[in-house]
Amino acid sequence: MKCPYCGYEESKVIDSRSADDGERIRRRRECLKCGKRFTTHEVIETVPLIVVKRDKSREVFDRNKLTAGLLRACEKRPVSIEQIENMVNYIETRLQSSLDREITTMQIGELAMEQLKNIDEVSYVRFASVYRQFKDINTFMDELNKLLTEKK
């Protein structure tokens, strides 16, 4: 780390502390040449995820959109905000840990449905009906039958 006073590139860390709820590390350093102290902040560098939509357009992943979709599906259901936040965190972590920087809305939707199926089946069906764009009652019934078959 380059000293802001003399420009020397060698310093030693005197103190390290977590900051911003563990999102960054604050370090006190001392220049090995001039002896002056300075503070640095270390953060994890994240590469933004790009979402490829059905129409092939691209946009940056927005966890708020995912949260809003899950909230709509879980409206008036016994699903807590904490459970929704946990689902969003899980999905975002899975997407970030994949090697792909471009993800499809299909991948996001499948992960969301996988999570909803384990938490609340009615919310799952609501989400699936919008996500899979059910054309008629038969496709809706097919999804319900799949769900019932899996429960047995």
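This text follows the structure it describes.
One structure accompanies this document, and this report is about it.

What counts and what doesn't
Residues numbered from 1 in each chain as written. Predicted model: local features only at pLDDT ≥ 70, side-chain atom pairs only at ≥ 80, totals over all residues. Heavy atoms only, no water. Pairing = 2+ DSSP bridges. Helix = DSSP H or I, 4+ residues; strand = E, 2+ residues; numbered from the N terminus. Axes fitted to C-alpha atoms, helices over the stretch in contact; angles between N-to-C directions. Contact = heavy atoms within 4.5 Å. Left-handed = near helix turned anticlockwise from the far one by under 90°. Nonpolar A, V, L, I, M, F, W, Y, C, P; charged D, E, K, R; others polar. Core = buried A, V, L, I, M, F, W, Y, C linked by side-chain atoms within 4.5 Å. Buried < 20%, exposed > 50% of the residue type's maximum accessible area, 1.4 Å probe, protein only. Parallel < 35°, antiparallel > 145°, perpendicular 65-115°, else oblique. Salt bridge = Lys/Arg side-chain N within 4 Å of Asp/Glu carboxyl O. Lys, Arg positive; Asp, Glu negative; His and termini not counted. Polar contact = N/O pair within 3.5 Å; in protein donor to acceptor, adjacent residues only side chain to side chain.

## Some words on the sheet that holds strand E6 (residues 102-104)
Next, step 1: Here we have three strands laid out as an open sheet, ordered E5-E4-E6, and mixed in their pairing. Edge positions in the open sheet fall to strand E5 (58-60) and E6, since each of these has one partner strand only. Sheet twist, expressed as the mean angle between neighbouring strand axes with direction ignored, is 35°.
Next, step 2: Pairing of strand E4 (residues 50-52) with E6, which is carried by three bridges, proceeds in the parallel orientation. Looking at the pairing, valine 52 lines up with threonine 104 of E6.
Next, step 3: The strands that helix H3 (residues 105-119) touches are E4 and E6; relative to E6, the one it contacts most, it runs at about 65°.

## Some points on the packing of helix H4 (residues 121-131) against helix H5 (residues 137-151)
Next, step 1: One can describe the packing of H4 onto H5 by two numbers: an axis separation of 11 Å at closest approach and a directional angle of 145°. Two packed elements cross with a definite hand, and for H4 against H5 that hand is right-handed. In this structure, H4 contributes Glu121, Tyr124, Val125, Ala128 and Ser129 to the contact, and H5 contributes Phe140, Glu143, Leu144, Leu147 and Lys151.
Next, step 2: For the contact of H4 with H5, the per-class residue count stands at six nonpolar, one polar and three charged.

## Digging into the nonpolar core
Next, step 1: One finds Phe61, Leu66, Leu70, Leu95, Leu116 and Phe127 to be the most contacted residues of the largest nonpolar core, which totals 25 residues.
Next, step 2: Elements with a contribution of two residues or more to this core: helix H1 (63-73), helix H2 (81-97), H3 and H4.
Next, step 3: Not counting chain neighbours up to four residues away, the residues in contact with phenylalanine 127 comprise Gly69, Leu70, Ala73, Gly109, Ala112, Met113 and Leu116.

## Regarding the packing of H1 against H3
Next, step 1: Two elements in contact, H1 and H3, have axes separated by 12 Å at closest approach and are oriented at 40°. As judged from the angle between their axes, H1 and H3 are oblique. For the pair H1 and H3, the crossing hand works out as right-handed. Contacts between H1 and H3 involve Leu66, Leu70 and Ala73 from the first element and Ile108, Ala112 and Leu116 from the second.
Next, step 2: Taken together, the residues that form the contact of H1 with H3 break down as six nonpolar, no polar and no charged.

## A look at the pattern of salt bridges
Next, step 1: In the structure shown here, the tally under the stated rule is nine salt bridges.
Next, step 2: When the shortest N-O distance is used, the salt bridge between aspartate 15 and arginine 17 registers 3.0 Å.
Next, step 3: Under the relative-accessibility criterion, aspartate 15 is labelled partly exposed at 27%.
Next, step 4: Given the relative accessible area of 52%, arginine 17 is considered exposed.

## Remarks on the side chain of arginine 29
Next, step 1: Mapping arginine 29 onto the fold places it in strand E2 (residues 24-31).
Next, step 2: No salt bridge is formed by the buried arginine 29; its nearest oppositely charged neighbour, glutamate 42, is found at 5.1 Å.
Next, step 3: Here the side chain of arginine 29 touches threonine 40 through a polar contact of 3.2 Å, side chain to side chain.
Next, step 4: The contacts of arginine 29, once residues within four sequence positions are left out, are Met1, Ser11, Lys12, Val13, Ile14, Lys36, Arg37, Phe38 and Thr40.

## Notes on the sheet that holds strand E3 (residues 37-43)
Next, step 1: If you walk across this open sheet you meet the three strands as E1-E2-E3, and the pairing is antiparallel. Every other strand in the sheet has two partners, leaving strand E1 (11-19) and E3 as the edge strands with one partner each. On average, each strand axis in the sheet is tilted by 25° relative to the strand beside it, whichever way the strands run.
Next, step 2: Examined bridge by bridge, E1 and E2 share eight bridges and lie antiparallel to one another. Its bridge partner being in E2, arginine 17 is matched across the sheet by arginine 26.

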